[in-house]
Structure formats: structure tokens, C-alpha cells
Amino acid sequence: MGVRKNARDLTSTEKAAFVAAVKRLKAQTTGRNYDWFVTTHMTYFATVSGVRYAHQSPSFLPWHRQYLIEFERALQVYDPAVSIPYWDWTVDRTTSGAPFTADFMGGNGSGGNGPVATGPFAGATNWRINVSPSSSTSLRRAMGSSSLPTAAQVDSVLGISTYDAAPWNSSSTSGMRNRMEGWQTPNLHNRAHVWVGGHMGQQDSPNDPVFWLHHCNIDRLWSLWQTRWGFDTGRYLPAAGTSGVVDLNDAMQPWSDVTPAAVLDHRAGYTYA
Ligand SMILES: [Cu+2]
């Protein structure tokens, strides 16, 4: 069983191992390589066959949970000791501190939404953007022009006992999911994407490796919510018979056999430090 650690607590060796595994997956030329994950996120950014799977829907959390599990397994083919670390942006809130150090995710883009200038993902030779709606082949960031959510705002969201509510989309005004995803205040997940900017502000956001650290934190927050309110299937909504979204026992594309019910209790597979 893997333990996902806070990125600020990784040793130099652990940081180097994560970066190395990510780069090996990027260099893989067939199968579910790094760019497959980028393409998949772009595909499921939109509605597919009339269903919203990954965003603006109840399955935002279970879809990304499975997506991270698949990514972590793909890394572990190269290094079984690697787990995805999480970026707790309620604590690490600067553009040059963890995880944006030169030995890990690297720093800001140069000159406002320009290419990342430091670290292992700086420049198209180190890290080439292959799949994107924009033309830049270098990773871009424009960090810090907005604000990150606070610990008090996270607590307010974790205190909402109902998972989600009709109309089960970005207009849902009650329920935890839409405040966690970020179409309602305090906009947790969306705000961190916007704060990093550059590729992280686009549908091809997994091109920025910090995507995985951010979504690992969102998954951790969901796990904390589950710890408080329950890991059982009764905590996920909607249960059944809802058109256009993923009910508890509906399969989530692109996986044919993975339902929200199947991923709710992750504790046998991985835990959070
Ligand atoms: Cu996201």
C-alpha cells in the first residue's frame, strides 16, 4: 500500500525519483504514456456521449481519483517506490517555495505567462509540450496574480455533509462537490489552477506536472471529508436514474468497469500522510 506524502516533506532523493519516473513516462512512446493522460483529460473536459464525467459533475472527484491511480501505477512501472505527493496550498503559498523549487516542480514563468525558467521541466528540450490547444512547446506558468484558498475556507467546505445536489453541475448551489470543484465560493480546486496559470489554466493542465500534486491534494481533501462523513456508498450522490451525469453504480469512461462506488474507499490501495 502506498502512502502519499506532503510534497514539502519529500527528501531530495524522493523528489528526484518522482521527477525521474515522470520523465520516463513522458519518454514512453507507446501505450498509456504521459501524453495519453493529457489527451484523456482534454477529451473528458467536455461532455462525452451526453455525459459529464470529469468536470462540472458529481463524478469530478471519483473520476480524478481513478485518473490519479492510473497515473501513479504508470509511474510505478518505472519506480515501484514512487507515489504522487500532494501540494497543500493552504500552507505553501509562494511562487518559489515548495513545491516550486528548482529541484522539483521548478518556478514561475518568465515575464508573465512565459516559459518556466528553472527546474527539471524548464524549456522544450527538458519537457516538450506535445498535446495542447495552444502552440507553446515549453511549459508556461503565470503564478501568483490571484489568491489561493485558505485553511478556513477548506474547513468550511469539509463541514458540508451533503455530497452534491441537483442540478448536479456547475450551477449546484448546495453540496460539498461544487464548492470543492470550484464553481461556487470558495472555489477551491479551480482557484489553484488559476493561481498557477499558464498551462494549468487550460484544459491541457496535466501538461504541468504540478497538476498531479494539486489533484492529489483535492483527493486528500475528499478523503478527509469522507473520514468525517463516511466512506460508505450512501455518501455519494446521485444514487441512480439521473441523466447526463454518473450515478453511484454507473461506469466512468474511459474505464469500462470503474464506478464511483468502486473508488469511494481508497484505504486498501493508498493513504495520506
Ligand atoms: Cu483540476
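None of these values were measured; they are calculated from a predicted model. (Residues numbered from 1 in each chain as written. Predicted model: local features only at pLDDT ≥ 70, side-chain atom pairs only at ≥ 80, totals over all residues. Heavy atoms only, no water.)

*Asks:* Would you take a moment to explain the overall build of the protein chain for this structure?
*Replies:* Each helix and strand counted, the protein chain has 8 helices and 4 strands in total. Mapped in sequence order, the helices and strands of the protein chain form the string β-α-α-α-β-β-α-α-α-α-α-β. Taking 273 residues into account, the globule formula puts the C-alpha radius of gyration at 19 Å, and the protein chain, at 18 Å, falls close to it. Overall size of the protein chain, expressed as C-alpha extent along the three principal axes, is 50 × 40 × 35 Å. Looking at the protein chain as a whole, 53% of its 273 residues qualify as buried. Within the protein chain, contacts between residues separated by at least 24 positions form 68% of all contacts whose residues are at least 6 apart in sequence. If you average the places of the 22 positive and of the 20 negative side-chain charges in the protein chain, the two averages end up 4 Å apart. (Helix = DSSP H or I, 4+ residues; strand = E, 2+ residues; numbered from the N terminus. Rg over C-alpha atoms; globule rule 2.2 N^0.38 Å. Buried < 20%, exposed > 50% of the residue type's maximum accessible area, 1.4 Å probe, protein only. Contact = heavy atoms within 4.5 Å. Lys, Arg positive; Asp, Glu negative; His and termini not counted. Charge placed at Lys NZ, Arg CZ, Asp CG, Glu CD.)

*Asks:* Sorry, what's going on with the coordination of the copper ion here?
*Replies:* Put simply, a metal with four donors set out as a tetrahedron has ideal angles of 109.5 degrees, and one with six donors set out as an octahedron has ideal angles of 90 or 180 degrees. Bound to the copper ion are the protein donor atoms His 189 (NE2), His 193 (NE2) and His 215 (NE2), situated 1.9 to 2.0 Å from the metal. Within one chain, the residues serving as donors to the copper ion are arranged as H-x3-H-x21-H. Linking His 193 in helix H6 (residues 188–196) with His 215 in helix H7 (residues 210–229), this pair joins segments that are 22 residues apart in sequence. In terms of burial, His 193 and His 215 fall into one category: buried. (Donors = N, O, S within 2.8 Å, 3.2 Å for Na, K, Ca; no water.)

*Asks:* Honestly, the side chain of His 215 in this entry has me stumped. Any pointers?
*Replies:* A relative accessible area of 2% means that His 215 is categorised as buried. Among all residues touching His 215, those that are not within four sequence positions of it are Phe 60, His 64, Leu 68, His 189 and His 193.

*Asks:* Got a minute to help me understand the packing of H6 against H7 in this structure?
*Replies:* For any two helices packed against each other, the geometry is given by the interaxial angle and the distance between the axes. Contact pair H6 / H7: the axes reach a minimum separation of 10 Å and the direction vectors enclose 160 degrees. Considering the angle they form, H6 stands roughly antiparallel to H7. In terms of crossing hand, the pair formed by H6 and H7 is right-handed. Note on element contacts: H7 touches H6 through Val 210, Phe 211, His 214, His 215 and Ile 218, opposite His 189, Ala 192, His 193 and Val 196. For the contact of H6 with H7, the class distribution of residues is 5 nonpolar, 4 polar and no charged. (Axes fitted to C-alpha atoms, helices over the stretch in contact; angles between N-to-C directions. Parallel < 35°, antiparallel > 145°, perpendicular 65-115°, else oblique. Left-handed = near helix turned anticlockwise from the far one by under 90°. Nonpolar A, V, L, I, M, F, W, Y, C, P; charged D, E, K, R; others polar.)

*Asks:* It is not clear to me how the environment of Thr 242 should be interpreted in this structure. Could you clarify?
*Replies:* Take Thr 242: it is sitting in the loop between H7 and helix H8 (260–263). Along the primary structure Thr 242 and Ala 122 are separated by 120 residues, whereas in three dimensions their C-alpha atoms are 44 Å apart. Not counting the four nearest positions on each side in its chain, Thr 242 is found in contact with Trp 168 and Asp 247. Looking at Thr 242, its side chain comes within polar contact range of the side chain of Asp 247, at 2.8 Å. (Polar contact = N/O pair within 3.5 Å; in protein donor to acceptor, adjacent residues only side chain to side chain.)

Note that every value here comes from positions in space, so none of it alone points to a role or purpose.
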